[in-house]
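Okay, here's what each chain looks like letter by letter:
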Amino acid sequence: MTSEPATPKTDPHEILATAQAASGRRYLGIGMLGLLGLMLIYIAVSQAPALQWRLFLVALGALALWMADRMRRGTATRIELTETELRDSDGTVIALIADIDGMDRGFFAFKPSNGFLLRTKNSAPNVWRPGLWWRMGRRIGIGGVTPANQTKFMSEIIAAMMAQRDMNAEK
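These numbers were taken from a predicted model, which means no experiment stands behind them.

## Considering the pattern of salt bridges
Under the defined criterion, the tally for this structure stands at 10 salt bridges. In the salt-bridge network here, residues are joined through shared partners; they are Arg78, Glu80, Glu85 and Arg87.

Next up, the structure:
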């Protein structure tokens, strides 16, 4: 009779992997959006287009500045992977590991840059943290301005956790 090796009990809240925005990519993304917003507003004020075009350019410029601020706030946190959940460092639960149904890391997947796509069993409210992660229903995109090595490591751990979960479910 063979005995299985005892697996050590770990803290379910211990952080196994993290992914955070690379500072260069973060500042470049925020800077480009901010510069676009300022340029659009400058063109609307300095040129003499028709009133509807002026309003359109000002609205588009304001939208770009708002997006830059959203990206600044969104990339200030980091993504943390624990044994039970994938969460934002501000405490927002992105997905429970038990709820993850599949993962797509392929070249042609609709996923963020340097990231991966998760599919969950249950739908959740839509959330968007520009440059870091987004959730639309059952799909979750992780990545953006994060380094590829951090998100690849995180996706490998999630894949191993899913495989172990599936093996335990078969027993």
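## Quick word on the packing of helix α1 (residues 23-46) against helix α2 (residues 51-74)
Between α1 and α2, whose axes approach to 8 Å, the crossing angle comes to 160 degrees. Our classification of the angle between α1 and α2 gives roughly antiparallel. The handedness of the crossing between α1 and α2 is left-handed. Here α1 contributes Arg26, Gly29, Ile30, Leu33, Gly34, Leu36, Gly37, Leu38, Leu40, Ile41, Ile43 and Ala44 to the contact with α2, which in turn contributes Arg54, Leu57, Val58, Leu60, Gly61, Ala62, Ala64, Leu65, Met67, Ala68, Met71 and Arg72. Tallied by class, the residues present in the contact of α1 with α2 amount to 17 nonpolar, 4 polar and 3 charged.

## Overview of the side chain of Thr77
Residue position: Thr77 is located in the loop between α2 and β2 (78-81). Assessed through its relative accessible area of 17%, Thr77 is described here as buried. In terms of polar contacts, Thr77 uses its side chain to reach the side chain of Asp88, at 2.8 Å. Ignoring any residue separated from it by four or fewer positions in sequence, one finds Thr77 in contact with Gln20, Asp88, Ser89, Asp90 and Leu132.

## Focus: the confidence of the model for the chain
Predicted confidence across the chain gives a mean pLDDT of 88, with 93% of residues reaching 70 or more. Least confident of the elements in the chain is helix α3 (residues 148-170), whose mean pLDDT is 88; most confident is α2, at 95.

## Digging into the sheet that holds strand β4 (residues 93-96)
Taken in spatial order, the 4 strands line up as β1-β2-β3-β4 in an open sheet, and their pairing is antiparallel. Whereas interior strands pair on both sides, the edge strands pair on one side only; in this sheet they are β1 (17-20) and β4. Averaged over all pairs of adjacent strands, the angle between their axes in this sheet comes to 15 degrees, without regard to strand direction. Pairing between β1 and β2: 4 bridges, direction antiparallel. Paired with Gln20 across the strands is Arg78, a residue of β2. The sheet contacts of α3 involve β1, β2 and β3 (85-88), and relative to β1 the element is tilted by about 145 degrees.

## Some details on the environment of Gly141
By the secondary structure assignment, Gly141 is in strand β7 (residues 133-142). Judged by its relative accessible area of 0%, Gly141 falls in the buried class. Note: C-alpha distance between Gly141 and Phe110 (31 residues apart in sequence) is 8.5 Å. Setting aside residues up to four positions removed in sequence, Gly141 forms contacts with Pro112, Phe116, Leu117, Leu132, Trp133 and Trp134.

## A short note on the nonpolar core
Counting residues in hydrophobic clusters, the biggest one holds 21 residues, and the most contacted among them are Ile79, Leu81, Leu86, Leu118, Ile142, Met154 and Ile158. Going through the elements one at a time, β1, β2, β4, β5 (100-104), β6 (116-129), β7 and α3 are the ones with two or more residues in this core. Here this core takes 5 residues from α3, the largest share from any one element. With residues up to four places along the chain from it excluded, the contact list for Leu81 reads Glu14, Ile15, Leu16, Ala17, Leu86, Ile97, Met154, Ile157, Ile158 and Met161.

Each value, and the rule that gives it
Residues numbered from 1 in each chain as written. Predicted model: local features only at pLDDT ≥ 70, side-chain atom pairs only at ≥ 80, totals over all residues. Heavy atoms only, no water. Salt bridge = Lys/Arg side-chain N within 4 Å of Asp/Glu carboxyl O. Axes fitted to C-alpha atoms, helices over the stretch in contact; angles between N-to-C directions. Helix = DSSP H or I, 4+ residues; strand = E, 2+ residues; numbered from the N terminus. Parallel < 35°, antiparallel > 145°, perpendicular 65-115°, else oblique. Left-handed = near helix turned anticlockwise from the far one by under 90°. Contact = heavy atoms within 4.5 Å. Nonpolar A, V, L, I, M, F, W, Y, C, P; charged D, E, K, R; others polar. Buried < 20%, exposed > 50% of the residue type's maximum accessible area, 1.4 Å probe, protein only. Polar contact = N/O pair within 3.5 Å; in protein donor to acceptor, adjacent residues only side chain to side chain. pLDDT = per-residue confidence, 0-100. Pairing = 2+ DSSP bridges. Core = buried A, V, L, I, M, F, W, Y, C linked by side-chain atoms within 4.5 Å.

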